[in-house]
Amino acid sequence: MDDPRSESSQNLEQWIQGCTALLAPSADWEPDLNVARARFAARRRRRLRLRRYSLIAAMAAVVACVVLYGILPPRKVFAQRINSTGSYFVFRLYRVEQLWRWITLVRPGPVLLPSLQEHLGLLHAQALTESGAAQAVSDVAEATRRAGFVPFLPHSEVLSKSPQLSVFGPMSYRTVVRTADLEQALRERGVPDQDVPKSWDGTQITLQMGARVAAEWTDVPAGSSGESEWLELTLVQVPPLVVATPTGFDLAAFTAANLRAAGMRNRQAALKLAQLNTTAPALLLGNLPAPRHAGVRAVDLLAGPATLIEEFAMPRPGARSGWFEPSGPEVERVTLLWSRPDRVYMLSGTMRVPCDMFGLDMAGALTDLMDLAISIE
Amino acid sequence: MTVPKEASRDFDSLFDAGYRRLARLLYRITGDTGRAEEAASEAFWRLHHRPPPAKANVEGWLYRTGVRLALDQVKKDRRRARYEALGSFFRLAASPEKGLERAEERTRVRRALCELKADQVALIVLRAEGLSYGELAAELHLNPASVGTLLARAQEAFRKEYVKRYGRPAQ
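Below you will find a few notes about this structure.

The rules behind each value
Residues numbered from 1 in each chain as written. Chains lettered and ligands numbered in written order. Predicted model: local features only at pLDDT ≥ 70, side-chain atom pairs only at ≥ 80, totals over all residues. Heavy atoms only, no water. Contact = heavy atoms within 4.5 Å. Buried area = accessible area lost by both parts, 1.4 Å probe. Salt bridge = Lys/Arg side-chain N within 4 Å of Asp/Glu carboxyl O. Polar contact = N/O pair within 3.5 Å; in protein donor to acceptor, adjacent residues only side chain to side chain. Helix = DSSP H or I, 4+ residues; strand = E, 2+ residues; numbered from the N terminus. Axes fitted to C-alpha atoms, helices over the stretch in contact; angles between N-to-C directions. Parallel < 35°, antiparallel > 145°, perpendicular 65-115°, else oblique. Nonpolar A, V, L, I, M, F, W, Y, C, P; charged D, E, K, R; others polar. Pairing = 2+ DSSP bridges. Buried < 20%, exposed > 50% of the residue type's maximum accessible area, 1.4 Å probe, protein only. Core = buried A, V, L, I, M, F, W, Y, C linked by side-chain atoms within 4.5 Å.

1. What about the interface of chain A and chain B?
So, step 1. Each partner contributes to the interface: chain A provides 31 residues, whereas chain B provides 43 residues.
So, step 2. Taking both sides of the interface into account, the surface hidden between chain A and chain B amounts to around 3600 Å²; carbon and sulfur atoms contribute 62%.
So, step 3. It is A:Leu22, A:Leu23 and A:Trp29 that lose the most area in chain A upon contact with chain B, and together they represent 20% of the buried surface on that side.
So, step 4. Summed over the shared surface of chain A and chain B, the result is four salt bridges.
So, step 5. Of the charged contacts, one joins B:Arg127 and A:Glu13 as a salt bridge, the two residues approaching to 2.9 Å between their closest N and O atoms.
So, step 6. Counting across the interface, chain A meets chain B through ten residue pairs in polar contact (both at pLDDT 80 or more).
So, step 7. Those elements giving two or more residues to the side of chain A that touches chain B turn out to be helix H1 (9–23) and helix H2 (33–71) of chain A.

Below is the structure:
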């Protein structure tokens, strides 16, 4: 080939032709049209299949979005402690949580204790030391000075309203076990398989409670703390309770027997609940204002278990059962008891409008209360 | 968007008539029959899947698309060849029955060609396929009066690229 720089444009074109002739495919190579057609058809089929699946996936996504939109309305604020390290995440999936609470807590229903109030009277708990009248305090600092520990309150993003704080002095209770009364109560409840050792008879149990701080919120509207309206919310915290029993006395077994005597038929459930270190004091204190009946169960507050007590209102006259009417007893008040290494908490709320024990509103109330409990620092 | 049903028959005819020619044309760029067929298939697939506007010259669109795809493939292969002891580009371009010198020259030409713009490459390879200026204008949807100028520019660009890379061509 000649140097193109010294040639005319015609020669340049000839040089180019010479170059491109080198690139020509071999004369005996013929692209296979059949293979190309088959490959093309296969690709077209894949494309159609993909489009069909994409359509199905898109429809599923739309349905999911519609469902989520229905159950995920915006919520004012909802902070949740994820672990004990104290890290917080703003968690707005309130409806999902409510639905979860309904599935896991409300739908199975509580373990009813139809005779709790009656049975509490049989324990004959007597106050050894009275705590005296509540002393109103202006702020947390004053409460700290009077109670001797720093009271923790719900996270301000969960409940922004300021509470009325008060401090109660120490108190102690005592009860003496009467096995005859316990056996009688078990018989009346139709519980034949509960063992009541004779050695329990005459055993003295004392409960000592240090100074406690109560925080009260009244008339908490919906939106201030979740979606439930509360007539009042009360948070009581106290240093760890001291339950004194004679050596060898099985407090958990005694508590379980009392729960069964109060109407809890399931032995395992009673034992499980009795293991919680807040259940026995709750029974001994006997300060559960059970107006009619109560239900009890163990719940998980992420950082540990808690005892949940539901108190039922009397059925309203003329109330009907149906899809849109209450189909079960109406819950009026819910209480959570749980303990941490340095204190015991009791958080209770009275709802402005009692709600069906199996309803979604009940799940909302439990969600609100548990969120409050979880957010307490 | 895909080719409408009524146009499906036309597409099949176009595929039957144009596929071989496009694949052979693209071989000049890729130097590999498999790569050339892949690029040709891809060009037809794009025509089927996202056809050009109705008034567009479909054949010219196919050539331009095919050339771009082939150039992309060559560049991709070249990048890969940098990391391989024996680049596939060189291996595939080699032709044992011809002399080493001729094979090397083919490689040089192809590498210089692949440095040009896609439209210039399309002009040069279609011209090499024997298309007249009028046919080039029709196929590539160009003004017939400017085809000669555009082709001359493309050839000059090729010459410059070749000389820049390899200096005086091998005799």
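The discussion continues.
2. Some details on the packing of helix H6 (residues 179–188) of chain A against helix H7 (residues 251–261) of chain A
Residue and element names in this part refer to chain A.
So, step 1. Remark: H6 packs on H7, axes separated minimally by 8 Å, with the N-to-C direction vectors making an angle of 45°. In this view, H6 runs oblique relative to H7, as classed from their interaxial angle. Between H6 and H7, the contacting residues are Leu182, Ala185 and Leu186 on the first element and Phe254, Ala257, Asn258, Arg260 and Ala261 on the second.
So, step 2. The residue makeup of the contact of H6 with H7, split by class, is six nonpolar, one polar and one charged.

3. Some thoughts on the sheet that holds strand S11 (residues 242–244) of chain A
Residues and elements named next belong to chain A.
So, step 1. Read from one edge to the other, the open sheet built from four strands follows the order S4-S7-S8-S11, with strand pairing classed as antiparallel. Each edge of the open sheet is held by one strand with a lone partner, namely strand S4 (126–129) and S11. Strand-to-strand twist of the sheet, defined as the mean angle between neighbouring strand axes without regard to direction, takes the value 25°.
So, step 2. Strand direction decides the pairing type here: strand S8 (residues 204–209) and S11, joined by three bridges, are antiparallel. Residue Leu207 lies in a different strand from S11, and its bridge partner there is Val243.

4. A closer look at the pairing of strand S12 (residues 294–300) of chain A
Residue and element names in this part refer to chain A.
So, step 1. Taking burial as the measure, the seven residues of S12 include five buried ones, the bulk of the element.
So, step 2. Direction of pairing for strand S3 (residues 111–113) relative to S12: antiparallel, over a ladder of three bridges. Looking at the pairing, Val111 lines up with Val296 of S12.

5. Section: the nonpolar core
So, step 1. Counting 56 residues, the largest nonpolar core has B:Leu22, B:Leu26, B:Ile29, B:Phe44 and B:Phe158 as the members making the most contacts within it.
So, step 2. Here the element with the most residues in this core is helix H1 (residues 5–30) of chain B; it accounts for ten residues.
So, step 3. Of all hydrophobic cores here, the second largest spans 42 residues; its members include A:Ala147, A:Val220, A:Leu301 and A:Leu336.

6. With respect to the pattern of salt bridges
So, step 1. This model, assessed by the stated rule, comprises 20 salt bridges over all chains.
So, step 2. Linking A:Glu232 and A:Arg333 is a salt bridge whose minimum nitrogen-to-oxygen distance equals 2.6 Å. With A:Glu232 in strand S10 (residues 230–238) and A:Arg333 in strand S14 (residues 330–340), the pair connects residues that are 101 residues apart, well separated along the chain. Considered together, A:Glu232 and A:Arg333 belong to a single accessibility category, that of buried residues.
So, step 3. In this structure, B:Arg28 engages B:Glu129 in a salt bridge whose closest nitrogen and oxygen atoms are separated by 2.8 Å. Here B:Arg28 is found in helix H1, whereas its partner B:Glu129 is found in the loop between helix H6 (118–128) and helix H7 (133–139), with 101 residues between them in sequence.
So, step 4. For B:Arg28, a relative accessible area of 7% corresponds to the buried category.
So, step 5. Among the charged side chains, a salt-bridge network with shared partners connects B:Glu115, B:Glu161, B:Lys164 and B:Arg165.

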